[in-house]
Amino acid sequence: MGLERRGRADQGHAEANPEGEEPRESPGPGVKPFEIDKRLIYEAWEKVRANKGAPGVDAVSIGLFEERLKDNLYKLWNRMSSGSYFPGPVRGVEIPKDHGEGVRLLGVPNTGDRVAQTAAAMLLEGRLERIFHRDSYGYRPGRSAHDALAACRRRCWKQDWVLDLDVRAFFDSVPHSLLMKAVAHHTSERWVLLYISRWLVAPMKMPDGTIAAREKGTPQGSPISPILANLFMHYAFDTWMDREFPGIPGLPVRALRGRCYRALRHRGPGPPAAGRHRRTARGPGP
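The structure presented is a predicted model; accordingly, all values stated were derived computationally and were not measured.

*Asks:* Requested: an account of the overall build of the protein chain, with residues and values cited.
*Replies:* Across its full length, the protein chain holds 9 helices and 6 strands. Taking all contacts inside the protein chain whose residues are at least 6 apart in sequence as the whole, residues at least 24 apart take part in 75%. When the accessible surface of the protein chain is summed, it comes to about 14,300 Å², and 53% of that surface belongs to carbon and sulfur atoms.

*Asks:* Let's hear about the sheet that holds strand β3 (residues 204-205): which residues, and what values?
*Replies:* Taken together, the 4 strands give an open sheet; going across it, the order is β2-β1-β3-β4, and neighbouring strands pair in mixed fashion. Edge strands, defined here as strands with exactly one partner in the open sheet, are β2 (103-108) and β4 (211-212). The sheet contact formed by strand β1 (residues 90-96) and β3 spans 2 bridges and is parallel. Within β3, the position partnered with valine 90 by the bridge is methionine 204.

*Asks:* Give me the lowdown on helix α1 (residues 38-51), citing residues and values where you can.
*Replies:* An ideal rise of 1.5 Å per residue puts 20 Å on 14 residues; α1 measures up with 20 Å between its terminal C-alpha atoms. Buried residues belonging to α1 abut α2 (62-67), α3 (69-82), α4 (111-128) and α8 (190-201). Two residues or fewer after α1 comes lysine 52, characterised by a positive phi angle close to 60°.

*Asks:* Now, about the side chain of arginine 198: what can you tell me, with residues and values included?
*Replies:* With respect to the secondary-structure elements, arginine 198 resides in helix α8. Despite being buried, arginine 198 has no salt bridge partner; aspartate 113 is the closest side chain of opposite charge, sitting 9.9 Å away. A polar contact is formed between the side chain of arginine 198 and the backbone oxygen of glycine 83, at a distance of 3.3 Å.

*Asks:* Can you break down the environment of aspartate 147 residue by residue, with the values?
*Replies:* Structurally, aspartate 147 can be placed in helix α5 (residues 145-156). Once the C-alpha coordinates of aspartate 147 and serine 136 are considered, the two residues, 11 residues apart in sequence, prove to be 9.9 Å apart. Setting aside anything within four residues of it in sequence, one finds aspartate 147 in contact with Tyr137 and Gly142. From its side chain, aspartate 147 meets the backbone nitrogen of serine 144 in a polar contact 3.0 Å long.

*Asks:* Could you give an account of the confidence of the model for the protein chain, naming the residues involved and the relevant values?
*Replies:* The predicted model of the protein chain has a mean per-residue pLDDT of 78, with 73% of residues at 70 or higher. Confidence drops under a pLDDT of 50 for residues 4-24, and excluding neighbours within four residues, the segment shows 55 contacts in the predicted structure. Note that residues 249-286 has pLDDT below 50 and, in this model, 157 contacts with residues that lie over four places away or in other chains.

*Asks:* Give me the lowdown on the packing of α4 against α8, citing residues and values where you can.
*Replies:* Contact pair α4 / α8: the axes reach a minimum separation of 11 Å and the direction vectors enclose 130°. It follows from the interaxial angle that α4 and α8 lie oblique. Handedness of the α4/α8 crossing: left-handed. Along the contact surface, α4 presents Ala116, Gln117, Ala119, Ala120, Leu123 and Leu124, while α8 presents Trp191, Val192, Ile196 and Trp199. Residue classes in the contact of α4 with α8 are distributed as 9 nonpolar, 1 polar and no charged.

*Asks:* Which residues make up the packing of helix α7 (residues 176-186) against helix α9 (residues 225-244), and what are the values?
*Replies:* Contact pair α7 / α9: the axes reach a minimum separation of 10 Å and the direction vectors enclose 90°. Viewed along their axes, α7 and α9 adopt a mutual orientation that is roughly perpendicular. Touching Leu178, Leu179, Ala182, Val183, His185 and His186 of α7 are Leu228, Leu231, Phe232 and Tyr235, all from α9.

*Asks:* Explain the nonpolar core to me, and be specific about the residues and the numbers.
*Replies:* Within soluble globular proteins, side chains that are nonpolar tend to cluster in buried spots. Membership of the largest hydrophobic core comes to 48 residues, with the highest contact counts inside it found for Ile41, Met80, Trp191, Ile196 and Ile224. Taken together, the elements giving at least two residues each to this core come down to α1, α2, α3, α4, α6 (170-173), α7, α8 and α9.

*Asks:* Give a detailed account of α4, specifying residues and quantitative values.
*Replies:* For α4, spanning 18 residues, the distance from its first C-alpha to its last is 25 Å, which sits close to the expected 26 Å at 1.5 Å a residue. Within α4, 14 of the 18 residues are buried, which leaves the element mostly enclosed by the surrounding structure.

*Asks:* Before we move on, could you go through the pattern of salt bridges and cite the residues and values that matter?
*Replies:* Within this structure, the stated rule accounts for 5 salt bridges. Note that glutamate 129 is salt-bridged to arginine 140, the shortest N-O span being 3.0 Å. Linking glutamate 129 in the loop between α4 and α5 with arginine 140 in the loop between α4 and α5, this pair joins segments that are 11 residues apart in sequence. For the pair glutamate 129 and arginine 140, one class covers both residues: buried. Residue glutamate 244 is joined to arginine 243 by a salt bridge in which the shortest nitrogen-to-oxygen separation is 3.2 Å. Judged by relative accessible area, which is 51%, arginine 243 ranks as exposed.

Conventions used here
Residues numbered from 1 in each chain as written. Predicted model: local features only at pLDDT ≥ 70, side-chain atom pairs only at ≥ 80, totals over all residues. Heavy atoms only, no water. Helix = DSSP H or I, 4+ residues; strand = E, 2+ residues; numbered from the N terminus. Contact = heavy atoms within 4.5 Å. Areas by Shrake-Rupley, 256 points an atom, 1.4 Å probe, with all protein chains shown as cover. Pairing = 2+ DSSP bridges. Expected span 1.5 Å × (residues − 1). Buried < 20%, exposed > 50% of the residue type's maximum accessible area, 1.4 Å probe, protein only. Lys, Arg positive; Asp, Glu negative; His and termini not counted. Salt bridge = Lys/Arg side-chain N within 4 Å of Asp/Glu carboxyl O. Polar contact = N/O pair within 3.5 Å; in protein donor to acceptor, adjacent residues only side chain to side chain. pLDDT = per-residue confidence, 0-100. Axes fitted to C-alpha atoms, helices over the stretch in contact; angles between N-to-C directions. Parallel < 35°, antiparallel > 145°, perpendicular 65-115°, else oblique. Left-handed = near helix turned anticlockwise from the far one by under 90°. Nonpolar A, V, L, I, M, F, W, Y, C, P; charged D, E, K, R; others polar. Core = buried A, V, L, I, M, F, W, Y, C linked by side-chain atoms within 4.5 Å.

Next comes the structure, spelled out in C-alpha cells:
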C-alpha cells in the first residue's frame, strides 16, 4: 500500500486537513493512543475516490489529493492514531428541493475528512447492519429505494392503504447527545467516538462565506451521516414501534425506508392507531 513513510509531508499542494496538527512531542516509537489499521484508511480512500464528489472548504479535489496520496493518507492516519486529528469546516451548498419547495443545505467535508468519516462508517457498518430492521432499506448495502417500492407493491395487493409521513429537517435537528449515546452502545472504539463527536460539531461555511457553529444535526452530504441517521431511527422509531405496538395482526411492524422517503406499511385490517407513523427523510446528499 506504501503508507509506511515516516516524517512530515507539508510541502507542495494544499493539505487535505489544514485544521489537524501534528503532536508536538512523540510518545515514543510505535506508541499511538489509538490503533487504527492503515488498510482501513486506504480502503476508505478507495470508496471516496469511487464516489467522486466536489471538494470541500480547502478546495482539495479528489485528483489533487491523489497527487500526493501516500503523504496525505499517512498524515491522516498519523493524526487520527495520535488523537490530534481535527476536521475542517464543512462547505455548505444549497440545492433546490423537489417540486419547488425551497432549498436543502448540504454539507461537503474536505476530501481528507471524507476519508476519515468513511473509515469510521465502514467500521460501524459491520457492527450495525445485523441489528437494523429487515424492512429498512435506506442507505444500506445491497438495498435501495427500488427494493422498498417492490415491497410496498407486494403488500398493496393485500391491503389498500399506506401511511407515509415526513420528518421535517431530520438531518438538521437530530440531537447530538442521543446520537452519541446510541453510537457508544454499539462500539467501544475510542477513536470512533472521539471523531464522531468532532464531526458533529465541525462548523459550516455558509454559501455567503460566514461560518456557522453547529450544536445539533449531522450534515447531509457527509459519509458518516447515513449510518448515524439509520442508527438513530433504529432506536427512535423502529425499536419503539416494535415495543409500543406489538399487537399488529399478521407480521410485526414493517418499515420501508428508501433514499427519498421513509414509508410504513402495516399488515392489518385497517389504518394504524394514532401515533403509528413513519417519517419521510430526504437523503444526505446526491
